[in-house]
Amino acid sequence: MAVTIQSIEAILVDIPTIRPHKLSMTTMGVQTMVIVRMKDSDGLEGLGEATTIGGLSYGPESPEGIKLVIDTYLSPQLIGQPADHINTLRVMLERTTRGNHLAKSALETALLDLRGKRLGCSVSDLLGGAVHRHLPVLWTLASGDTARDIEEALDRIETGRHRDFKLKIGARPLMEDVRHVAAVKQALGAEASVRVDVNQAWDESTAARGMAELQAAGVDLVEQPTPMKDHAALVRLSRRFHLPILADESVADATDLFHLSAAGFTGAVAMKIAKAGGPVRALAQATVASAAGLGLYGGTLLEGTIGTAASLHAWSTLETLHWGTEMFGPLLMKDDIVVRPLTFRDNGVELPDGPGLGVEIDEDKLAAYRRKDL
Ligand code: MUC
Ligand code: MG
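Residues numbered from 1 in each chain as written. Chains lettered and ligands numbered in written order. Predicted model: local features only at pLDDT ≥ 70, side-chain atom pairs only at ≥ 80, totals over all residues. Heavy atoms only, no water.

Here the focus is the layout of surface pockets. Looking at the largest pocket, its volume works out to about 430 Å³. Around the largest pocket, the lining comprises 21 residues; the ones closest to its centre are Pro60, Met228, Glu249, Ala252 and Lys275. Mapped onto the lining of the largest pocket, the elements with two or more residues apiece are helix 3 (101–119) and helix 10 (273–276). Partitioning the lining of the largest pocket into residue classes produces 7 nonpolar, 8 polar and 6 charged. Composition of the lining of the largest pocket by domain shows at least three residues from each of domain 1 (5–123 + 362–369) and domain 2 (126–350). (1 Å grid on protein atoms, 1.4 Å probe; cavity = no way out; pocket = protein on both sides within 12 Å on 5 of 7 lines; lining within 4 Å. Points joined across faces, edges and corners; volume = space filled by probe spheres on them. Helix = DSSP H or I, 4+ residues; strand = E, 2+ residues; numbered from the N terminus. Nonpolar A, V, L, I, M, F, W, Y, C, P; charged D, E, K, R; others polar. Domains from an automatic or database assignment.)

In structure tokens, the structure reads:
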């Protein structure tokens, strides 16, 4: 008899960050994870996770909304269905429920974890097999203070934790941001790659000036300088400067990327399992990027260990990640809810061993950090 989905629980978990994380749209002091626990009729459990950044400041899905959508709309469709039919279940949810990609990503992750555990293989095996078992990981500097950012970066370089850095800018006046970035780049030297993420904060003319200044300061990559829907601005900027652009909010899935590329965009794309609605559709974006000659980057919505592991299993199946990854989410949080945290070393992270995601919940930690009133 087919193994069916028996129960799905969506749990809100709040963990403070190690320091305030300042982005152009908000400052985070805590990260909220929606942890999905999906049980099948044999009692096996699959884990999934959805996060966003600063409640609703990043996009239209909030942690509380994700839990509500899973509990009220998505779980009732999945309960009783064969747990192994992952593609069929994805198609079904796409037909019945628009958007809600973060919630769908958490559920697809749990289905993949469950299937991997059943077959005794890892999620990357389910996706065709890992090409790499160690993936590069950068660190995001976002304390809001230049001296503190430099100190933090030098510590990460010295300990072999990270060698590449992404600076969050866009909240301050342009030239203040440029001076901040130039000072960090100068302090870190030629060996360290310094990139910036503007999170849509600039209009096109500010972006043009900013890119000229950042190019001169030795920055390697500018992420999402202009508003997500303004594809034309991204195309024009990418053709005007040799400093490459990383498209993030503008490209949720393969279709977005196809349109951006067909319009003449050159540069790279930040894949995120959350934006795409799960690991499988995130990898479809990689196929479009490769065909279009765009660079690949493994992106995060600052997930904890479960969502980070799911992303790593997906990115590990790709031959080349031109700009590496930013899968540092667990390191931004003060604590973890898993038994064995990921191993970060040599400017990167190890792909966890299976079965499934290779991640196990620490029940005491989960009980301590789960939100009590929901
Ligand atoms: C984003 O916009 O890229 C990734 C790293 C970080 O600090 O924020 C995220 C989201
Ligand atoms: Mg970004």
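Here the narrative resumes, following the displayed structure.
Here we take up the packing of aromatic side chains. With the rule as written, the count across this model stands at 1 aromatic pair. Positioned above the aromatic ring of Trp139 is the side chain of Arg156, whose terminal nitrogen or guanidinium carbon lies 4.5 Å from the ring centre. (Phe/Tyr/Trp six-rings, centres within 6.5 Å; stacked < 30°, edge-to-face > 60°. Lys NZ or Arg CZ within 6 Å of the ring centre and 35° of its normal.)

The next thing to look at is the nonpolar core. Formed by 115 residues in total, the largest nonpolar core has its most connected members in Met38, Ile70, Leu107, Val196, Leu214 and Trp315. Per-element tally for this core: the top contributor is helix 3, with 8 residues. For this core, the two domains that each supply at least three residues are domain 1 (5–123 + 362–369) and domain 2 (126–350). Sequence-distant contacts of Leu107, defined by excluding residues within four places in its chain, comprise Ile8, Val36, Met38, Ile70, Leu74, Leu78 and Leu93. (Core = buried A, V, L, I, M, F, W, Y, C linked by side-chain atoms within 4.5 Å. Buried < 20%, exposed > 50% of the residue type's maximum accessible area, 1.4 Å probe, protein only. Contact = heavy atoms within 4.5 Å.)

Turning our eyes to something else, we now look at the site of ligand 1. Taken together, 15 residues lie near ligand 1, and His21, Lys166, Asp197, Asn199 and Glu223 sit nearest. Take Lys272: an N or O atom from its side chain is 3.2 Å from an oxygen atom of ligand 1. Residues belonging to the shell around ligand 1 are distributed by class as follows: 4 nonpolar, 4 polar and 7 charged. Shared between two domains, the shell around ligand 1 holds at least three residues of each, these being domain 1 (5–123 + 362–369) and domain 2 (126–350). (Near = heavy atom within 4 Å. Polar contact = N/O pair within 3.5 Å; in protein donor to acceptor, adjacent residues only side chain to side chain.)

Okay, the coordination of the magnesium ion (ligand 2) next. The coordination sphere of the magnesium ion (ligand 2), as far as protein atoms go, consists of Asp197 (OD), Glu223 (OE) and Asp248 (OD), spread over 2.0 to 2.3 Å. All donor residues of the magnesium ion (ligand 2) come from one chain, and their arrangement in sequence is D-x25-E-x24-D. Of the two residues, Glu223 sits in strand 8 (residues 221–223) while Asp248 sits in the loop between strand 9 (245–247) and helix 9 (254–262), which places them 25 residues apart along the sequence. For Asp248, a relative accessible area of 0% puts it in the buried group. (Donors = N, O, S within 2.8 Å, 3.2 Å for Na, K, Ca; no water.)

Among the 11 residues in helix 12 (residues 305–315), 11 count as buried, and that is most of the element. Regarding helix 12, the residues found buried are Thr305, Ile306, Gly307, Thr308, Ala309, Ala310, Ser311, Leu312, His313, Ala314 and Trp315.

Moving on, we come to helix 2 (residues 86–96). All of the buried residues in helix 2 are Ile86, Leu89, Arg90 and Leu93. All buried residues of helix 2 project into a common sector of 100° when viewed along the axis, lining one side. Residues of helix 2 that are exposed and point more than 90 degrees away from the buried face comprise Thr88 and Arg95. Buried residues belonging to helix 2 abut strand 1 (5–22), helix 1 (63–78), helix 3 and helix 11 (279–292). (Arc of directions from axis to C-beta.)

What follows is about unusual backbone geometry. The residue after Gly354, namely Pro355, is reached through a cis peptide bond having omega 5°. Relative to the helices and strands, Pro355 is located in the loop between strand 13 (348–350) and helix 14 (363–369). One non-glycine residue, Asn347, lies in the positive phi region at around 60°. For Asn347, the location among the structural elements is in the loop between strand 12 (344–345) and strand 13. Assessed through its relative accessible area of 18%, Asn347 is described here as buried.

To continue, consider the side chain of Arg90. Considering the arrangement of structural elements, one finds Arg90 in helix 2. Residue Arg90 is classed as buried on the basis of its relative accessible area of 16%. With residues near it in sequence (within four places) discarded, Arg90 still touches Glu108, Val280 and Arg281.

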